[in-house]
There are 2 protein chains.
Amino acid sequence: MITIKDVAREAGVSVATVSRVLNENGYVGEETKKKVQKAMNTLNYSPNEVARSLYKRESKLIGLLLPDITNPFFPQLARGIEDTVNQSGYRLLLGNSDEELEKELDYIQTFVQNNVVGMISATNHVDQNIYDALQIPLVLLDRTTDQYPSVYSDGREGGRLAARTLIEKGAKRITLMKGPAHVKPAQDRFKGAVDVLSETDIDFSVLATTSYSFEDAKGWAEELFQKYPNTDGVIASNDIVGIAIIHEALRLGKRIPEDLQIIGYDDIPQSSLSYPPLSTIRQPAYEMGQAAAELLLQTIKKEPGVETTIEMPVEFIERDTTRKE
Amino acid sequence: MITIKDVAREAGVSVATVSRVLNENGYVGEETKKKVQKAMNTLNYSPNEVARSLYKRESKLIGLLLPDITNPFFPQLARGIEDTVNQSGYRLLLGNSDEELEKELDYIQTFVQNNVVGMISATNHVDQNIYDALQIPLVLLDRTTDQYPSVYSDGREGGRLAARTLIEKGAKRITLMKGPAHVKPAQDRFKGAVDVLSETDIDFSVLATTSYSFEDAKGWAEELFQKYPNTDGVIASNDIVGIAIIHEALRLGKRIPEDLQIIGYDDIPQSSLSYPPLSTIRQPAYEMGQAAAELLLQTIKKEPGVETTIEMPVEFIERDTTRKE
DNA sequence: TTGAAAGCGTTACCAA
DNA sequence: TTGGTAACGCTTTCAA
């Protein structure tokens, strides 16, 4: 390993001087600077971030905690974050929590132990004061409270929008899928939909689902039609489930959207590839990731006047599982 | 920040002793040990990994380089890796290369600068000797050469299997999609399919695609039917494209699998949710991740007799885009 | 404008 | 069985 000492020796100066040209601070003569840079090049030197981090008590690492990157919504978030923090030279330490408190705690500890400059967390356990003692900039993403800077999309409005749209388009017997109880955004959109449905004379039923996974999606779809065979409008808990429902409905010989309308949630990339393409409520995942990263970066730089809460808009994407008229 | 010094003071011993109980090596009296552990608990101490890493010249971090986590094949790989390295206390530094050499180099530098114990890379640039100078255990994943320990699935056989299956099931005018030229596994499966097709009297055409992205998938599907409207069997470059083709075929009024059979590649989770469910060649992504992680762990521990190359089997998953009998 | 040296939090060697 | 201390690679203060 090439260290700053090697460079200093090669250039015939002290390590202090090398450090100065490395960090572009302090006085360094033009001549010396060139000598040092030349030495760095010939030795192909690159500074040890660990040593830097130890001294500064701060690394160039950012901790990212996600529920499960296998759920297609999260990779987009992650890319939004990665692409923007990279521009400032930061890198990501990634953890999947599987919504488990213990894993979350473990990862937080890892982040702290590695002197991350900041963390971004999409978690359900904020209320448990896990993050309070930490002296590290934190941005909450997707899952939110008002205790910390947060970026989220307007789930309540998303739910309302889904319900309103379905009603407008003539659904009469709506089934509303409720996502996992411990997942806050799932509850928001659920409540939003209930808000709207309650104000109408339309019949609706609620089907509780307790996971978002691919494996289970098919099961929820089957359960849906067993319990509510006559439903003509479904508000799915997310796109994955929405796609599973399309599938099951087609299998049962229902025509979409004539007999049955479906609205998904998220607008994951594959939802435009379903057949028929899934109408859905879009959350701008990549942009949310970007926004969270920017917020974190600002907090790290202690920029003043940082908006501490950013609500991203939600949008109805009309495709072919809802009626046109 | 609580340091080892604080613990030492609290317990009334030296830092050396604390370090010994921390690492469970060296002699420590029972009594002393208890005192120290108590002090650690009351102070809620957890060791600074950065300092450790500096001294040991080795962190508990593993660098993971993926092309793009937004492609559903990779999150599975990543989870397989994460879940297994976590068991040994390692954490992941994640980078997406977008198949760009420069990003790849940047991430490798980051990994080195952070003293990672090892790296796992799914990359196309091995041949450029990027990794040669590194004195860090490396496992190649999915994209492979024989210069390094690798885990990959048998792409050649996958291609053959796809072609054989389609022929068996009666396709007469096969279209073979060729993935991006610089992506090695894509070429393997392509060659495998050509191997088989060339030996038969069946007509086939080749459609070159230059990306795997969702956005482009629809375009490839349209191009396919413009150029080869009469094809009755498609070997898609991956499941995403496969699903896009289903979609386009249905839009054009083709019956699947009667008029057109389709075989995908990868078996990403959403391929069972397409309509009709996509028949495909499965790569065991999660298991590949596990295997790569285990290989890396063994290399790190310098375990003897490590198989340096692991070829994972590929499998035809029969669903509804191929004919039954 | 430069260099010497202390210090960041650990570990491991050597001495006691 | 324990403690003192050098060392890991770097940054920064202080003095020259």
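Residues numbered from 1 in each chain as written. Chains lettered and ligands numbered in written order. Predicted model: local features only at pLDDT ≥ 70, side-chain atom pairs only at ≥ 80, totals over all residues. Heavy atoms only, no water.

### Overview of the environment of A:V21
Residue and element names in this part refer to chain A.
Piece 1. With respect to the helices and strands, the residue V21 is situated in helix 2 (residues 15–23).
Piece 2. Residues V21 and Q37, spaced 16 residues apart in sequence, show a C-alpha to C-alpha distance of 7.8 Å.
Piece 3. Once residues within four sequence positions are removed from consideration, V21 is found in contact with V28, K33, V36, Q37 and M40. (Helix = DSSP H or I, 4+ residues; strand = E, 2+ residues; numbered from the N terminus. Contact = heavy atoms within 4.5 Å.)

### Considering the protein's contact with DNA strand D
Piece 1. In the region of DNA strand D, 29 residues are neighbours, and A:I4, B:T17, B:R20, B:G29 and B:T32 sit closest.
Piece 2. The sugar-phosphate share of atoms of DNA strand D within 4 Å of the protein amounts to 63%.
Piece 3. A:I4 has a polar backbone atom sitting 2.4 Å from a phosphate oxygen of DNA strand D.
Piece 4. Within the contact set of DNA strand D, a base oxygen lies 3.3 Å away from a backbone nitrogen or oxygen of B:Y55.
Piece 5. Counting only elements with at least two residues in the surface near DNA strand D, the list comes to helix 2 and helix 4 (49–56) of chain A together with helix 2 (15–23) and helix 4 (49–56) of chain B. (Near = heavy atom within 4 Å. Polar contact = N/O pair within 3.5 Å; in protein donor to acceptor, adjacent residues only side chain to side chain.)

### With respect to the protein's contact with DNA strand C
Piece 1. Of all residues adjacent to DNA strand C, which total 27 residues, the nearest are A:R20, A:G29, A:T32, A:Y55 and B:I4.
Piece 2. Protein-adjacent atoms of DNA strand C, using a 4 Å cutoff, are sugar or phosphate at a proportion of 62%.
Piece 3. Take B:A51: an N or O atom from its main chain is 3.4 Å from a base nitrogen of DNA strand C.
Piece 4. Contact distances for DNA strand C include 3.0 Å between a sugar or linking oxygen and a side-chain N or O atom of B:Y55.
Piece 5. Residue assignment for the surface near DNA strand C shows that the elements contributing at least two residues are helix 2 and helix 4 of chain A together with helix 2 and helix 4 of chain B.
Piece 6. By residue class, the composition of the surface near DNA strand C is 14 nonpolar, nine polar and four charged. (Nonpolar A, V, L, I, M, F, W, Y, C, P; charged D, E, K, R; others polar.)

### What to know about the relation of the copies chain A and chain B
The operation relating the two chain copies consists of a rotation about an axis and a shift along that axis.
Piece 1. Superposition record for chain A on chain B: RMSD 0.1 Å, screw rotation 180 degrees, translation along axis 0.0 Å. The transformation relating the two chain copies, once decomposed into turn and shift, fits a two-fold axis. Minimal C-alpha separation from the rotation axis in chain A is found for A:L93, amounting to 2.3 Å.
Piece 2. When the interface residues of chain A are mapped onto chain B, 100% of them are again interface residues, pointing to one common binding face. (Least-squares fit on C-alpha atoms with pLDDT ≥ 70 in both.)

### Re unusual backbone geometry
Piece 1. Note that the residue after A:I256, namely A:P257, is joined by a cis bond; omega there is 5 degrees.
Piece 2. Within the secondary structure layout, A:P257 lies in the loop between helix 10 (239–251) and strand 9 (261–266).

### Quick notes on the interface of chain A and chain B
Piece 1. At the junction of the two partners, chain A supplies 50 residues and chain B supplies 50 residues.
Piece 2. A buried area of about 4500 Å², summed over both sides, lies between chain A and chain B, and 59% of it is on carbon and sulfur atoms.
Piece 3. Where chain A packs against chain B, one counts four salt bridges.
Piece 4. As a salt-bridge pair, B:D68 and A:R79 come within 2.8 Å of each other at their nearest N and O atoms.
Piece 5. Put simply, chain A and chain B have 20 residue pairs in polar contact (both at pLDDT 80 or more) between them. (Buried area = accessible area lost by both parts, 1.4 Å probe. Salt bridge = Lys/Arg side-chain N within 4 Å of Asp/Glu carboxyl O.)

### Quick notes on the side chain of A:S53
Piece 1. Structurally, A:S53 can be placed in helix 4.
Piece 2. Judged by its relative accessible area of 2%, A:S53 falls in the buried class. (Buried < 20%, exposed > 50% of the residue type's maximum accessible area, 1.4 Å probe, protein only.)

### Observations concerning the sheet that holds strand 10 (residues 279–282) of chain A
All names here are of chain A.
Piece 1. Taken in spatial order, the six strands make up an open sheet running 7-6-8-9-10-12, and their pairing is mixed. For this open sheet the edge positions go to strand 7 (203–208) and strand 12 (315–317), each flanked by a neighbour on one side alone. Strand-to-strand twist in this sheet, taken as the mean axis angle between neighbours without regard to direction, amounts to 20 degrees.
Piece 2. Bridge analysis of strand 8 (residues 233–235) against strand 9 gives three bridges, and the strand direction is parallel. Counterpart to G233 in the pairing with strand 9 is Q261.
Piece 3. Contacting strand 6 (173–178), strand 8, strand 9, strand 10 and strand 12, helix 7 (residues 155–168) runs over the sheet at an angle of about 165 degrees to strand 9.
Piece 4. Packing against the sheet, helix 8 (residues 184–198) makes contact with strand 6, strand 7, strand 8 and strand 9, and its axis sits at approximately 155 degrees to strand 6. (Pairing = 2+ DSSP bridges. Axes fitted to C-alpha atoms, helices over the stretch in contact; angles between N-to-C directions.)

### A closer look at the domain arrangement of chain A
Piece 1. Under the domain assignment, chain A is made up of domain 1 (4–47), domain 2 (61–153 + 286–313) and domain 3 (155–283).
Piece 2. Distance from the C-alpha centre of domain 1 of chain A to the C-alpha centre of domain 3 of chain A: 62 Å. (Domains from an automatic or database assignment.)

### Concerning the pattern of salt bridges
Piece 1. Counted by the stated rule, this structure contains 34 salt bridges over all chains.
Piece 2. Notably, a salt bridge pairs A:R255 with A:D259, separated by 2.8 Å at the nearest N-O pair.
Piece 3. Its relative accessible area of 29% is what places A:D259 among the partly exposed residues.
Piece 4. Among the charged side chains, a salt-bridge network with shared partners connects A:D68, A:D98, A:K103, B:R79 and B:D83.

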